[in-house]
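Chain by chain, the residues run as shown.
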Amino acid sequence: MIGHRVVDARGSFCPGPLMELIAAMKQVAVGDTLELLSSDEGSARDVPEWVQKVGHVMERSERDDARVWHLFVRKAK
Amino acid sequence: MRIVVVGGGMAGTIFANNLARRLSSELKAGKARITMLSASDKHIYQPGWLYVALGRMTPDELEREEASLLEPEIAFFVDPVQSFRLGESHVVTRSGKVHEYDLLVIATGSRPVPEDVPGLKENSVHCYSAEDALKLHDRLQAFTGGRILVTVGLPHKCPMIPLEITFTMHDFIRDRGLIDKTEFYYTYPIGRAHSLENVATWASGEFAKLGVRQETFFNLKEVDGAKGCVRSEEGSEVKYDLLVAVPPHRGEAVIEENKLGPNGWIPTDRYSLHMQGDHGEKVIVLGDTTNLPISKAGSTAHFEAEVAAENAAAMVKTGRAARSYDGKVFCFIEAGKDRATYAMFTYQKPPEPRAPNAAMHAFKMAYNQLYWASVRGLM
Ligand SMILES: Cc1cc2nc3c(=O)[nH]c(=O)nc-3n(C[C@H](O)[C@H](O)[C@H](O)COP(=O)(O)OP(=O)(O)OC[C@H]3O[C@@H](n4cnc5c(N)ncnc54)[C@H](O)[C@@H]3O)c2cc1C
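It should be emphasised that the depicted structure is a prediction, and the values quoted were computed from it without experimental measurement.

Enquirer: Go over the site of the ligand with me, naming the residues and quoting the values.
Expert: Residues and elements named next belong to chain B. Close to the ligand lie 33 residues, the nearest being Ala11, Gln46, Asp288, Gly298 and Ser299. Separating an oxygen atom of the ligand from a side-chain N or O atom of Gln46 is a distance of 2.9 Å. Within the backbone of Val81, one N or O atom sits 3.0 Å away from a nitrogen atom of the ligand. Out of a free accessible area of 1,000 Å², the ligand has 92% covered by protein chains. Listed by contribution, the elements that provide at least two residues to the shell around the ligand are helix H1 (10-22), strand E2 (33-38) and helix H10 (298-318). Element by element, the count of residues in the shell around the ligand is highest for H10, at three residues.

Enquirer: Requested: an account of the sheet that holds strand E15 (residues 229-232) of chain B, with residues and values cited.
Expert: Residue and element names in this part refer to chain B. Spatially, three strands are ordered E14-E15-E16 in an open sheet, and the strand pairing comes out antiparallel. Bordering the open sheet on either side are strand E14 (220-224) and strand E16 (237-239), each of which pairs with just one other strand. With direction set aside, neighbouring strand axes in the sheet form an average angle of 20°. Two elements, E15 and E16, share three bridges in a ladder whose sense is antiparallel. Considered in E16, the bridge of Val230 is made with Val238.

Enquirer: Explain the interface of chain B and chain A to me, using residue names and the numbers behind them.
Expert: The interface of chain B with chain A comprises 29 residues on the first partner and 21 residues on the second. Approximately 2,000 Å² of surface area, both sides summed, lies buried where chain B meets chain A, with 63% of it carried by carbon and sulfur atoms. For the chain B face of the interface with chain A, the top three residues by lost area are Leu154, Phe217 and Pro293 of chain B, together amounting to 31%. Where chain B meets chain A, there are one salt bridge. Among the ionic pairs, Asp8 of chain A bridges to Arg270 of chain B, the shortest N-O distance being 3.2 Å. In this structure, the connection of chain B to chain A is made through seven residue pairs in polar contact (both at pLDDT 80 or more).

What counts and how
- Residue positions within a chain follow its written sequence, with the count starting from 1.
- In the order they appear in the text, chains get letters beginning with A and ligands get numbers beginning with 1.
- Per-residue local features of the predicted model are confined to residues with pLDDT of at least 70, and side-chain atom pairs are confined, for both listing and counting, to 80 or more; whole-chain, interface and lining totals are unaffected and use all residues.
- The basis for every side-chain value is the complete set of non-hydrogen atoms in the structure, without hydrogens or water.
- We call a residue near a molecule or strand whenever a single non-hydrogen atom of that residue lies within 4 Å of it.
- Counted as a polar contact is a pair of N or O atoms within 3.5 Å, where, for protein atoms, one must be capable of donating a hydrogen and the other of accepting one, and residues adjacent in sequence contribute only when both atoms are in side chains.
- A 1.4 Å probe and the Shrake-Rupley method give the accessible areas. Residues count as covered only by the protein chains that appear here.
- In this text, helices come from DSSP runs of H or I with a minimum length of four residues, and strands from runs of E with a minimum of two, each type numbered from the N-terminal end.
- Whether two strands pair comes down to DSSP finding at least two bridges between them.
- Between the N-to-C directions of two axes lies an angle of 0 to 180 degrees, each axis being a line fitted to C-alpha atoms and, for a helix, fitted only over the stretch in contact.
- Residues are treated as being in contact if the distance between any of their heavy atoms lies within 4.5 Å.
- Here the quantity called buried area is the total loss of accessible area, with a 1.4 Å probe, experienced by two parts when brought into contact, counted for both.
- The term salt bridge refers to a pairing of a side-chain nitrogen on Lys or Arg with a carboxyl oxygen on Asp or Glu at a separation within 4 Å.

Written as structure tokens, this is what we have:
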């Protein structure tokens, strides 16, 4: 079964949303999608950069009315 | 009200003492009872292990009898919990004793798991226990030159350690007269030298001055001891002569075994600090073992414990909680050359670190002693 998990990293300055995502990525199976919630402006830039470098898949990203980013990343390896 | 605290570390001890003081008359009248269950009769000041690795402290200086730190009304047992039966509101300990509760506080901390990365445990040294800190010290003493590679797993406790260990080892090697024969190579999981942006900018400037090489977007995949190199998830390979790790961490195995949270991190409400999910209304989670997206640090444990104790006391006295945890964290940052700075932030407020100075280092050194008053709730 393909899983979907939410990583709520709103308000996280340290370790910050990207480190939360990297840590959570190790806990899910290949094919699963993580939805990262981030209130950090930088996430829309640094998350796709890391995802591309490491070889996972950036499915989509969107920002809600509360200015929270929802970044959907699929574990590919 | 029967309150059971699981874990006699920073969070559990500060919570229990703070609550005992607030409820002194209720405890005397038998209207409230506080029981602490821990895995050890010792309380350890873990931040001191950094100084053990550098030969500036010895492990015995960092230990006290837990019983000596607790308010006398707290019933303390060295009898670790094995089974959390949240549906029946009780826990069962190793000795088979059953402890029923109206409020359960879980504060079992976190542990390094270098074994989660192939080759890391066998080929690296770190400072995440007294024994390991002594080993790191031995390796630094025996080092004759070459490349010292600092590598960082996720998640880890104390977010400042990657920088602190690099700066302070640099001092140590310089003082041994080996700096010309040594290359420091610092790696970090994201695209800058630290999670806090302004700390990262400052650290990279210091690295440039000291000649420390840095590689970012470096997440540990495996260590090849035979070839003496580390490979990253991002496809890079770096050789080392001495590999100093900040290992990845998990919560305690008992948390995973009881299915309270993946990898031992318990889903926790960021404001109320109650466990999320079934039976969470009677369970509070504090310190490293929460899954909150904030630093796994003693200061986090401390601020959370104060809020939780105020809330528990208010529940006993008025039947309602007092306030929310605002995500407050305060971290010292040892910057080498006997200077330090700090970062303080909440869920809402980013940190504004200042330039390191000697006074802040002196304060940190004093805090290493003042901690024993702080954990008793005396400051
Ligand atoms: C090298 C190093 C440097 C650090 N530097 C800093 C720093 O400068 N500033 C800072 O703020 N933080 C620092 N920290 C982090 C800080 O020490 C931890 O974040 C803090 O101790 C967490 O508190 P805790 O109560 O969650 O867990 P701990 O203090 O680890 O306590 C956990 C307790 O649970 C008990 N336990 C375990 N299993 C069971 C069980 N089954 N039943 C009952 N009890 C159990 C253990 O015996 C222990 O008493 C550092 C840590 C290290 C290792």
